[in-house]
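Residues per chain, in single letters:
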Amino acid sequence: MDILEKIVANKRVEVARQKEAVSLDFMLSSGQQRLNAPVHSMRQSLEASQSGIIAEFKRRSPSKGWLHPRARVEHIVPVYEKGGAAACSILTDGEFFGGSLGDLRRARSLVELPLLRKDFIIDEYQLYQARVMGADAVLLIAASLTARACRNLAALAHQLDMEVLLEVHREEELSHLNEHVDMLGVNNRNLGTFHTDVDNSFRLIKAIRDAAVDGAPLLVSESGISGADTVRRLRDAGFRGFLMGETFMKTEDPGETLSAFIGRLEKEGGIA
């Protein structure tokens, strides 16, 4: 069993327990105000942003261990917004990434940035959770879903007024693309082995263009990005979003590190 299989197996158990603890009917009735709240378009924010940075809040990863174990949303996410992030990704997996749905809820109360719930979503219940907790967009990982399940989850996300970021790592996973996908992310990290190679985004760009459906999704490069020159080359290749977590979270002050990175982008010509 590789790392992704282990995470998804744990997620099935976790979601089953959550359903037992909080029924869907109760969640919807108690979260009605949040369900009716307006959302912030992550795609539009990325299209309008000069940097396209999706700054991630995560405390740990299975490959690197603890990055920032005492990180608090209120100390980091507002500074991400002030520093120029176009959106914020919130890791809500607890077992492997040290996150929680509470992190998402707190972030929503503090910023107007579009918020992405980043987790291993395998069940419709998780989409309702995401909307109630304040997510504007959700991540769907092709490697953990069938194409049919991906389409059904993406369609429900749209019914809940959330946008969809579909993540792929291999060309074969482009078969999961459907009309409900707003953004297509290329993960430069193999979720089975956690090996990271930014060139993966460049390798897949032609196949992505060939597979594009009507209303082609905005392209996002995820993981392993640490330099302004890399952002510039990815932008030249057609990417408009750049999901970055460890580059910021492994430092003492992630928000200030983001601000300095965007400053380097401006100075070195990585911003269009």
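Preceding this section is the structure that the text describes.
My aim in this report is to walk through the structure given alongside it, one point at a time. Bear in mind that the values here come from a model prediction, so they are computed numbers and not experimental data. (Residues numbered from 1 in each chain as written. Predicted model: local features only at pLDDT ≥ 70, side-chain atom pairs only at ≥ 80, totals over all residues. Heavy atoms only, no water.)

Right, let's talk about the nonpolar core for a bit. One finds Met42, Ile53, Tyr80, Leu127, Leu140 and Leu166 to be the most contacted residues of the largest nonpolar core, which totals 90 residues. Non-local contacts of Tyr80, meaning those with residues more than four positions away in its chain, are made with Ala55, Glu56, Phe57, Ala85, Cys88, Leu113, Phe248, Met249, Pro254, Gly255 and Leu258. (Core = buried A, V, L, I, M, F, W, Y, C linked by side-chain atoms within 4.5 Å. Buried < 20%, exposed > 50% of the residue type's maximum accessible area, 1.4 Å probe, protein only. Contact = heavy atoms within 4.5 Å.)

Looking now at the environment of Thr196. If you trace the backbone, Thr196 turns up in the loop between β8 (183-187) and α9 (199-211). A residue is classified by how much of its surface remains accessible, and Thr196, at 29% relative accessible area, is partly exposed. With 26 residues separating them along the chain, Thr196 and Glu222 place their C-alpha atoms 10.0 Å apart. In contact with Thr196, not counting residues within four places along its chain, are Asn188, Arg189, Ser223 and Gly224. (Helix = DSSP H or I, 4+ residues; strand = E, 2+ residues; numbered from the N terminus.)

This part covers unusual backbone geometry. Phi is positive for Asp161, close to 70°, though the residue is something other than glycine. Along the chain, Asp161 falls in the loop between α8 (147-159) and β7 (163-168). The phi torsion at Ser223 lies on the positive side, around 80°, for a residue other than glycine. Here Ser223 shows up in the loop between β9 (218-222) and α10 (228-237).

Our next topic: the packing of aromatic side chains. Working definition: an aromatic ring pair is given by the centre-to-centre distance plus the angle between the planes. Scanning all chains against the criterion turns up three aromatic pairs. Here Phe248 and Phe261 contribute two aromatic rings whose centre-to-centre distance is 6.1 Å and whose plane-to-plane angle is 75°, an arrangement assigned as edge-to-face. With Phe248 in helix α11 (residues 246-249) and Phe261 in helix α12 (residues 254-268), this pair connects stretches of sequence that are 13 residues apart. In this structure, Phe248 and Phe261 share a single accessibility class: buried. Chaining the aromatic ring pairs together yields one cluster made of Tyr80, Phe248 and Phe261. (Phe/Tyr/Trp six-rings, centres within 6.5 Å; stacked < 30°, edge-to-face > 60°.)

With that out of the way, let us pick up the pattern of salt bridges. Under the counting rule described, the total for this entry stands at 22 salt bridges. With a closest N to O distance of 3.5 Å, Glu246 and Lys58 form a salt bridge. Residue Glu246 is located in helix α11, and its partner Lys58 is located in the loop between β1 (53-57) and β2 (60-61); the two are separated by 188 residues in the primary sequence. The pair formed by Glu246 and Lys58 is uniform in burial state, with each residue classed as buried. Put simply, Arg232 and Asp229 hold a salt bridge, and the shortest N to O gap is 2.4 Å. Of the two residues, Arg232 and Asp229 are both situated in helix α10; the distance of three residues between them amounts to about one turn of the helix. Judged by relative accessible area, which is 29%, Arg232 ranks as partly exposed. Through salt bridges with shared partners, a single ionic network connects Glu56, Lys58, Lys64, Lys118, Arg189 and Glu246. (Salt bridge = Lys/Arg side-chain N within 4 Å of Asp/Glu carboxyl O.)

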